[in-house]
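A structural walkthrough
Residue strings, one per chain:
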Amino acid sequence: REFNKYRNITFHTFNVNHSGILGVLMIGLGMTHGKRSLVPMKPMPEWILNGSMMVKREFLGGLFGGDGCKIQNKINCSSNKNSFGCAMFSNVKDIKFEESLSTFMGCVSKLLNELEIRTLDIKREITKYDTNKVKIGVKISDSEFNLIKFFNKIGYRYDRRKLMESAVSCEYLRHKTNHLGNRLN
């Protein structure tokens, strides 16, 4: 566990030693290793970019299960309206490695689009707590249809909490869509 003094967030991390079997496998498969914000992002492996749709889906499911956000209800207090959305999928790198992160996020956006998940423009911002670091991310469109499609096609691997909490939101959206469709008929 690690405490981040800038955001009051507790992170749960695993330290994988490269001399172990899992560490060797992950490095062999092209995983970025070291303190992630201080090393360049390796290019997305060709076996993912040129893989089958199932390989791409499973990769994205693992990526969003590990680092992505869950689909959740966002209440606008001023208008008292409910909406659903997913926060931007982003990473932070030292500014000298910005291009490698931007290229990686472009690949993530491309994979999502290949699976018919609509994304918005890739966003870039200098972090508030360290001007030598840049945050780059991909935003999934918050349209209800797109969120349901993301959950059904990709979902979340390795994080039961995100999967279950997003399932509740998506089930509500499905019910709402079906209910409105029946009312209009």
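Rules and cut-offs
- Residues numbered from 1 in each chain as written.
- Predicted model: local features only at pLDDT ≥ 70, side-chain atom pairs only at ≥ 80, totals over all residues.
- Heavy atoms only, no water.
- Helix = DSSP H or I, 4+ residues; strand = E, 2+ residues; numbered from the N terminus.
- Buried < 20%, exposed > 50% of the residue type's maximum accessible area, 1.4 Å probe, protein only.
- Expected span 1.5 Å × (residues − 1).
- Salt bridge = Lys/Arg side-chain N within 4 Å of Asp/Glu carboxyl O.
- Polar contact = N/O pair within 3.5 Å; in protein donor to acceptor, adjacent residues only side chain to side chain.

Focus: unusual backbone geometry
In this structure, E116 is a non-glycine residue whose phi angle is positive, near 65 degrees. Residue placement: E116 occurs in the loop between helix 4 (98–114) and strand 6 (123–126). Its relative accessible area of 52% is what places E116 among the exposed residues. Its identity is not glycine, yet Y158 carries a phi of approximately 70 degrees, on the positive side. One can find Y158 in the loop between helix 5 (144–153) and helix 6 (160–184).

Focus on helix 3 (residues 53–67)
Turn by turn, an α-helix covers 3.6 residues, leaving residues three or four places apart pointing in a common direction. In this model, helix 3 (15 residues) spans 21 Å end to end at C-alpha, consistent with the 21 Å of a helix rising 1.5 Å per residue. Turning to helix 3, its buried residues number three or more, namely K56, L60, G61, G62, L63, F64 and G65.

Quick notes on the pattern of salt bridges
Tallied over the full model, the rule gives 14 salt bridges. R57 serves as the salt-bridge partner of E58, at 2.9 Å between the closest nitrogen and oxygen. Look at E58 and you get partly exposed, because its relative accessible area is 32%. We classify R57 as partly exposed; its relative accessible area is 28%. Put simply, E58 and R157 hold a salt bridge, and the shortest N to O gap is 2.9 Å. With E58 in helix 3 and R157 in the loop between helix 5 and helix 6, this pair connects stretches of sequence that are 99 residues apart.

Side note on the side chain of T127
Within the secondary structure layout, T127 lies in the loop between strand 6 and strand 7 (133–138). Residue T127 is classed as buried on the basis of its relative accessible area of 5%. At 2.5 Å, the side chain of T127 and the backbone oxygen of D130 are in polar contact.

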